[in-house]
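# Overview (structure and organization)
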Protein chains: 2
Amino acid sequence: MGGVGEDMRVLESREWYIASYAPQGVPNSDHLKIRTAKLSLALNSIPERHVVLETLFLSVDPYLRSRMTGREDGLYLPHIFTVIIAFGVGRVIKSNDPNYSEGDIVISPVTPLAEYCVVSSQSITRKIDPHSGISTPEYISLLGVPGFAAWVGIEVIADPKPGSNVFISAAAGGVGMYAGQLAKLEGCRVIGSTGSDEKVRLIKEEFGYDDAFNYHKEKDFDAALSKYFPNGIDVYLDNVGGRMLEAVLNHVNKHAKIPLCGMISEYNKAWTEREGVRNLLNLVGKEVHMQGFMLGSYMDRFGDFAKEMEGHLKHGKIGSKIKIFHGIDKFLESLGSLFTSCNIGKVVIQVNE
Amino acid sequence: MGGVGEDMRVLESREWYIASYAPQGVPNSDHLKIRTAKLSLALNSIPERHVVLETLFLSVDPYLRSRMTGREDGLYLPHIFTVIIAFGVGRVIKSNDPNYSEGDIVISPVTPLAEYCVVSSQSITRKIDPHSGISTPEYISLLGVPGFAAWVGIEVIADPKPGSNVFISAAAGGVGMYAGQLAKLEGCRVIGSTGSDEKVRLIKEEFGYDDAFNYHKEKDFDAALSKYFPNGIDVYLDNVGGRMLEAVLNHVNKHAKIPLCGMISEYNKAWTEREGVRNLLNLVGKEVHMQGFMLGSYMDRFGDFAKEMEGHLKHGKIGSKIKIFHGIDKFLESLGSLFTSCNIGKVVIQVNE
């Protein structure tokens, strides 16, 4: 203990915590605050089978917001004053586990939103091969939360046939961009809705959507869907909820499938103030399957997903658009960007080089 | 043709038809009218593989109302002036099919709402054994639409485990009474909501529900469900939609299943005037499966259903409450009774003795 040559450094690490819950609205600096913690590198301060990570990238996803409401909605509810947890990539700078060495780059879905952190090596899902040819942020995008959510929604739950009419909302967001590409690889006709003309262009030109529309320019979603889906909708991957979901239910085909990935239009509102969906009776006559899903229930499929997605990536069949915020202090801004129509693609934070 | 001894009678048969669609409200005598048709018993007027039936019993179910809206909702939409079609039992009085003889009692899910009718023998799903010990109306109740709907909802879609917390709305209606008994046979804890104290008593005392409440007396469904489901809801067989469905979504457990059988609170309203369900986001966090179903998609399971239900019936494990209206002229009144809180059990019309 504390022998010659031992690294006795104490690192200062900035970290984000929940200062108060935000039941409504976009969380701001009253709710989410940054503080500096001290983290000792002395070996006897690191529990067995734990490692100290220098955080490289953190994944900023809409589900993080739903954990800040103070309500127990089936979504994980953290205690106040605890550090926020996200999907992340880090470099091992100290290890108390023989399976990990300094310099290893690892993925943990429960990485603290901090510059440095201690994680259980049981939480590590993967050690990255530096010669894989895959850029590091892809491990938390295409191969991370949004890629896996898109894959579960399209491949596991919707399971569309060639020629199926697939509609995807928030189509230029992290999940939407991959979901559309996966549905195209299945031979479907894919239409997306998104929040700007720039994003409409992006998803048609870069992600191969057959068509797309800017929902800000469509006052009548029902009319828009009549135009884009003359033969009805077989699959709707819902990322937004509310009025768009309601409009979709007027256009569903028999036995349509609606995987519910999240509802970005609804997270910031108290439930009694949300737009009610009035036409659920259509689910009966059209025998629609509507199914909410959380990735934690599909971890047994993560290996299949990663193998398939890496294959698509290596063969150039799937692409990403990643928006990188630089520095841990950008977390609040990056989270807020998810709730504007300005965000394009997957949002990540690069914490350290 | 027309040889010695041939039955050349022409029967007069009263029949119900749709005079005009009823987009909203309970259909009345402006929408549904009765007329007298003439039906020849001359053999050359009966197509091959068809039979003439004297209608005995007709099944009056909420889905009939949804076919009168004039909207194509995935539900079958009949043309105006055509005779209404229902699940029925009839006695063969003339046959042009070697497989059926005069006097046979048969079931057809597409029996015209008429005193006498001609049906294709392909539409006949069953010839009744007069020595089965099963009373004739049970073939359109326990072994008919409501029994099959309850069985598909509980056994096929929800598939509850022993100890599951099951909630059933419209619990003293045709579907509800069987669904609760089936869930009890699976070892579940079953609670029902219904529209009168008399029906609360009925379902607890005769159908074995663990508990039940009169929704007219519960101003706050949310509070009622907190009281009756301290451990949350695992299965909700929804027969009503609207505010009750919304309240349920605040009490669902992880991976809850919600078979949507119909929405009696919604049929009589234009969709834009229906109660919107505002908390569908709960489907995501709780990973709920919500699934509309129509019996036509499960006909391959009808044999399994009939065998199982007859077994339960013969062993006294399941009971029925059947409300019989007498005479074809009572159709409009019997249909209207489905939309009041006064109706108890399965509604049928006895057309002929």
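Residues numbered from 1 in each chain as written. Chains lettered and ligands numbered in written order. Predicted model: local features only at pLDDT ≥ 70, side-chain atom pairs only at ≥ 80, totals over all residues. Heavy atoms only, no water.

Strand order in the open sheet made by the 12 strands is E10(A)-E9(A)-E8(A)-E11(A)-E12(A)-E13(A)-E13(B)-E12(B)-E11(B)-E8(B)-E9(B)-E10(B), with mixed pairing throughout. The strands lining the two open edges of the sheet, one partner per strand, are strand E10 (211-214) of chain A together with strand E10 (211-214) of chain B. Strand-to-strand twist of the sheet, defined as the mean angle between neighbouring strand axes without regard to direction, takes the value 15°. Bridging between strand E8 (residues 165-168) of chain B and strand E9 (residues 189-194) of chain B involves four bridges; their strand directions are parallel. Along E9 of chain B, the bridge assignment pairs Phe167 of chain B with Ile191 of chain B. Contacting strand E8 (165-168), strand E9 (189-194) and strand E11 (233-237) of chain A, helix H3 (residues 174-185) of chain A crosses the sheet at an angle of about 170° to E8 of chain A. (Pairing = 2+ DSSP bridges. Helix = DSSP H or I, 4+ residues; strand = E, 2+ residues; numbered from the N terminus. Axes fitted to C-alpha atoms, helices over the stretch in contact; angles between N-to-C directions. Contact = heavy atoms within 4.5 Å.)

To continue, consider the pairing of strand E15 (residues 346-350) of chain B. Successive residues of a regular strand alternate their side chains across the two faces of the sheet. All names here are of chain B. Burial analysis of E15 places five of its five residues in the buried class, the great majority of the element. The sheet contact formed by strand E3 (residues 50-60) and E15 spans four bridges and is antiparallel. Of the residues in E15, the one forming a bridge with Leu58 is Ile349. Here strand E14 (residues 322-326) pairs with E15 via five bridges, running parallel. (Buried < 20%, exposed > 50% of the residue type's maximum accessible area, 1.4 Å probe, protein only.)

With that settled, the discussion passes to the pattern of salt bridges. Side chains that differ in charge, positive against negative, can pair when their charged atoms come close. All names here are of chain B. Tallied over the full model, the rule gives 42 salt bridges over all chains. For Arg49, the salt bridge identified is with Asp97, shortest N-O distance 3.7 Å. Taken together, the residues span a long stretch of sequence, with Arg49 in the loop between strand E2 (32-40) and E3 and Asp97 in the loop between strand E4 (85-95) and strand E5 (105-112) at a distance of 48 residues. Of the charged contacts, one joins Lys204 and Asp211 as a salt bridge, the two residues approaching to 3.4 Å between their closest N and O atoms. (Salt bridge = Lys/Arg side-chain N within 4 Å of Asp/Glu carboxyl O.)

Here the focus is the side chain of Glu54 of chain A. By secondary structure assignment, the location of Glu54 of chain A is in strand E3 (residues 50-60). For Glu54 of chain A, the side chain forms a polar contact with the side chain of Arg91 of chain A, separated by 2.6 Å. (Polar contact = N/O pair within 3.5 Å; in protein donor to acceptor, adjacent residues only side chain to side chain.)

In this section: the packing of aromatic side chains. All names here are of chain A. Across all of its chains, the model carries 24 aromatic pairs over all chains by this definition. For the ring pair Phe148 and Trp151, a centre distance of 6.3 Å and an interplane angle of 20° mean the geometry is stacked. Within this pair, Phe148 and its partner Trp151 are both found in helix H2 (residues 145-158), separated by three residues, close to a single helical turn. Both residues of the pair, Phe148 and Trp151, count as buried. Above the plane of the ring of Phe229 lies Arg189, whose end atom (NZ or CZ) is 5.5 Å from the centre. (Phe/Tyr/Trp six-rings, centres within 6.5 Å; stacked < 30°, edge-to-face > 60°. Lys NZ or Arg CZ within 6 Å of the ring centre and 35° of its normal.)

Moving on to H3 of chain A. Counting along an α-helix, one turn takes 3.6 residues, and residues three or four places apart therefore face a common direction. Residues and elements named next belong to chain A. With 12 residues, H3 ought to run about 16 Å at 1.5 Å a step, and its terminal C-alpha atoms sit 17 Å apart, in line with that. Where H3 is concerned, the buried positions are Gly174, Val175, Gly176, Met177, Tyr178, Ala179, Gly180, Gln181, Leu182 and Ala183. Just beyond H3, the residue with positive phi is Gly187, at close to 85°. (Expected span 1.5 Å × (residues − 1).)

At an RMSD of 0.0 Å, chain B and chain A line up after a rotation of 180° and a shift of 0.0 Å along the axis. Read as a symmetry element, the transformation amounts to a two-fold axis. Residue Gly276 of chain B of chain B places its C-alpha closer to the rotation axis than any other residue of that unit, at 1.9 Å. Comparing interface residues between copies, 100% of those in chain B also lie at the interface in chain A; the contact surface is shared. (Least-squares fit on C-alpha atoms with pLDDT ≥ 70 in both.)

What follows is about the interface of chain B and chain A. Chain B puts 39 residues into the contact, and the matching count from chain A is 39 residues. Between chain B and chain A, a total of about 3,300 Å² is buried, with carbon and sulfur atoms accounting for 62% of that surface. Of all residues in chain B, Trp271, Arg278 and Leu281 of chain B bury the most surface against chain A, accounting for 22% of the area lost on that side. On the surface where chain B and chain A come into contact, there are 14 residue pairs in polar contact (both at pLDDT 80 or more). Counting residues per element, the ones that place at least two in the side of chain B that touches chain A are helix H6 (242-249), strand E12 (252-260), helix H7 (281-285) and strand E13 (289-292) of chain B. Broken down by element, the residue count for the side of chain B that touches chain A peaks at five residues, all from H7 of chain B. Considering only residue class, the side of chain B that touches chain A consists of 17 nonpolar, 13 polar and nine charged. Looking at chain direction, strand E13 (residues 289-292) of chain A and E13 of chain B are connected through three bridges and run antiparallel. What sits directly across from Gln291 of chain A, in E13 of chain B, is His289 of chain B. (Buried area = accessible area lost by both parts, 1.4 Å probe. Nonpolar A, V, L, I, M, F, W, Y, C, P; charged D, E, K, R; others polar.)

Okay, the packing of helix H2 (residues 145-158) of chain B against helix H3 (residues 174-185) of chain B next. All names here are of chain B. Their axes nearest at 8 Å, the elements H2 and H3 cross at an angle of 45°. As far as their axial angle goes, H3 and H2 are oblique. The handedness of the crossing between H2 and H3 is right-handed. Listed contacts from H3 to Pro146, Gly147, Ala149, Ala150, Trp151, Ile154 and Glu155 of H2 are Gly174, Val175, Tyr178, Ala179, Leu182 and Ala183. Considered class by class, the residues forming the contact of H2 with H3 number 10 nonpolar, two polar and one charged. (Parallel < 35°, antiparallel > 145°, perpendicular 65-115°, else oblique. Left-handed = near helix turned anticlockwise from the far one by under 90°.)

This next bit is on the nonpolar core. With 98 residues, the main nonpolar core has Phe167 and Phe331 of chain A together with Phe167 and Phe331 of chain B as its most contacted residues. Each residue touching Phe331 of chain A, except ones within four places of it in the same chain, is listed here: Trp16, Leu32, Val60, Leu64, Met68, Ile84, Leu113 and Ile349 of chain A. Formed by 53 residues, the second largest nonpolar core is a distinct cluster that contains Tyr139, Ile140, Met177 and Ala183 of chain A. (Core = buried A, V, L, I, M, F, W, Y, C linked by side-chain atoms within 4.5 Å.)

Okay, unusual backbone geometry next. Residue and element names in this part refer to chain A. Backbone geometry places Arg49, a non-glycine residue, at a positive phi of 55°. Arg49 sits in the partly exposed class, given a relative accessible area of 46%. For Ala170, which is not glycine, the phi dihedral falls at a positive 50°. Looking at where Ala170 falls in the secondary structure, it is placed in the loop between E8 and H3. Accessibility expressed as a relative area gives 29% for Ala170, which makes it partly exposed.

It is worth spelling out the domain arrangement of chain A at this point. Residue and element names in this part refer to chain A. Domain boundaries assigned for chain A yield domain 1 (10-141 + 320-350) and domain 2 (145-259 + 275-293). The C-alpha-based centres of domain 1 and domain 2 are spaced at 30 Å. With 15 residues of domain 1 in contact, the opposing surface of domain 2 contributes 16 residues. Together domain 1 and domain 2 conceal approximately 1,000 Å² of surface at their shared face, both sides included; 56% is due to carbon and sulfur atoms. Taken together, domain 1 and domain 2 are joined by zero salt bridges. The tally of links between domain 1 and domain 2 comes to five residue pairs in polar contact (both at pLDDT 80 or more). Of the residues that constitute the side of domain 1 that touches domain 2, the class distribution is five nonpolar, six polar and four charged. (Domains from an automatic or database assignment.)

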